[in-house]
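Structural characterization, general
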Amino acid sequence: MPAYFGKTQFWTRMATCISIVTLLFACAASPSNEAVTNFDRSPASGGMSSDDARAVLDAHNQARAQVGVKPLVWSTELAAIASIYATKLARTGQFKHSGQRSYGENLFMGTEGAYGPVDGVRSWVDESRDYDYNVNHGHGKTVGHYTQVVWSGTTAVGCGQAVGYGSMWMVCNYYPVGNIVGQRPY
């Protein structure tokens, strides 16, 4: 261990480096569009229970069906990346987007025990009440989470969750990315 690091600093930096390396390997290939039917509490399901992962996918697809858009498939790669980022958010307590541009990203945070992953999807879908398709915006209201959920060009989703700072943090990643300026979601 380098002399200029304390023991805690060393292991914190090692964990960060491992997370970054894992993220880089996960990003190396485009997410597959293979349907996943065997969910478990692994990076493939974003650390969610199999029931929660299925429910999150179903909630996305119900919203998409309402506007006539094809259903999404679960991407294990996107779920693994989302899980890593959700863990970072839960560890730091900072609610902010990752800044990457390779895939779409929706974030949700709610009080631990009071909110679950499906509540995150519902909160994004609830933005639909403010979305005006005719002008393709929300008249000053946030609608970008909803439009990403129903973006017709998006074919895959993967979500992850983590707990920290008394909250449940959820990240959903989408591929291909949606919310392209000048285009309608469907």
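These notes cover the structure that comes with them. Just so we're clear, the structure is a prediction, and the values are computed from it rather than from any experiment.

**A short note on the packing of aromatic side chains**
Summed over all chains, the structure comprises five aromatic pairs. On the numbers, 6.3 Å between centres and 40° between planes, the contact of Phe95 with Trp169 is tilted. Here Phe95 is found in the loop between helix 3 (76-92) and strand 2 (104-111), whereas its partner Trp169 is found in strand 4 (residues 167-175), with 74 residues between them in sequence. With a centroid separation of 5.9 Å and 70° between ring planes, the pair formed by Phe108 and Tyr115 is classed as edge-to-face. Phe108 gets classed as buried once you look at its relative accessible area, which sits at 10%. Looking at Tyr115, the relative accessible area reads 42%, which means it is partly exposed. The rings of Tyr131, Tyr133, Tyr146 and Tyr186 are connected pair by pair, giving a single aromatic cluster. A cation over a ring is seen here: Arg184 above Tyr133, with NZ or CZ 5.0 Å from the ring centre.

**Here's the deal with helix 2 (residues 50-66)**
If you check helix 2, its first and last C-alpha atoms are 24 Å apart, about what 17 residues at 1.5 Å a residue would give, namely 24 Å. By the burial criterion, the buried members of helix 2 are Ala53, Val56, Leu57, Ala59, His60, Asn61, Ala63 and Arg64. Its buried side turned inward, helix 2 meets strand 1 (73-74), helix 4 (117-125), helix 5 (144-149), strand 3 (156-164) and strand 4. Two residues or fewer after helix 2 comes Gly68, characterised by a positive phi angle close to 75°.

**Brief notes about the packing of helix 2 against helix 4**
Relative orientation of the contacting elements helix 2 and helix 4 amounts to 15°, with a least axis distance of 8 Å. Of the possible angle classes, the one that applies to helix 2 and helix 4 is roughly parallel. Helix-helix and strand crossings are classified by hand; for helix 2 and helix 4 the assignment is right-handed. Contacts between helix 2 and helix 4 involve Asp52, Ala55, Val56, Ala59, His60 and Ala63 from the first element and Pro117, Val118, Val121, Trp124 and Val125 from the second. Grouping the amino acids of the contact of helix 2 with helix 4 by side-chain chemistry returns nine nonpolar, one polar and one charged.

**As for the pairing of strand 2**
On any regular strand, side chains alternate: one points to one face of the sheet, the next to the other face. Across the eight residues of strand 2, six count as buried, placing the element largely inside the fold. Here strand 2 runs beside strand 4; their pairing, made up of eight bridges, is antiparallel. Across the sheet, Phe108 pairs through a bridge with Met170, a residue of strand 4.

**With respect to the environment of Pro185**
Note that Pro185 resides in the segment after strand 4. Sequence spacing of Pro185 and Val149 is 36 residues, and the spatial spacing of their C-alpha atoms is 9.0 Å. Setting aside its immediate chain neighbours within four residues, Pro185 contacts Tyr131, Asn136, Thr147, Val150, Trp151 and Ser152.

Conventions adopted
- Residues numbered from 1 in each chain as written.
- Predicted model: local features only at pLDDT ≥ 70, side-chain atom pairs only at ≥ 80, totals over all residues.
- Heavy atoms only, no water.
- Phe/Tyr/Trp six-rings, centres within 6.5 Å; stacked < 30°, edge-to-face > 60°.
- Helix = DSSP H or I, 4+ residues; strand = E, 2+ residues; numbered from the N terminus.
- Buried < 20%, exposed > 50% of the residue type's maximum accessible area, 1.4 Å probe, protein only.
- Lys NZ or Arg CZ within 6 Å of the ring centre and 35° of its normal.
- Expected span 1.5 Å × (residues − 1).
- Contact = heavy atoms within 4.5 Å.
- Axes fitted to C-alpha atoms, helices over the stretch in contact; angles between N-to-C directions.
- Parallel < 35°, antiparallel > 145°, perpendicular 65-115°, else oblique.
- Left-handed = near helix turned anticlockwise from the far one by under 90°.
- Nonpolar A, V, L, I, M, F, W, Y, C, P; charged D, E, K, R; others polar.
- Pairing = 2+ DSSP bridges.

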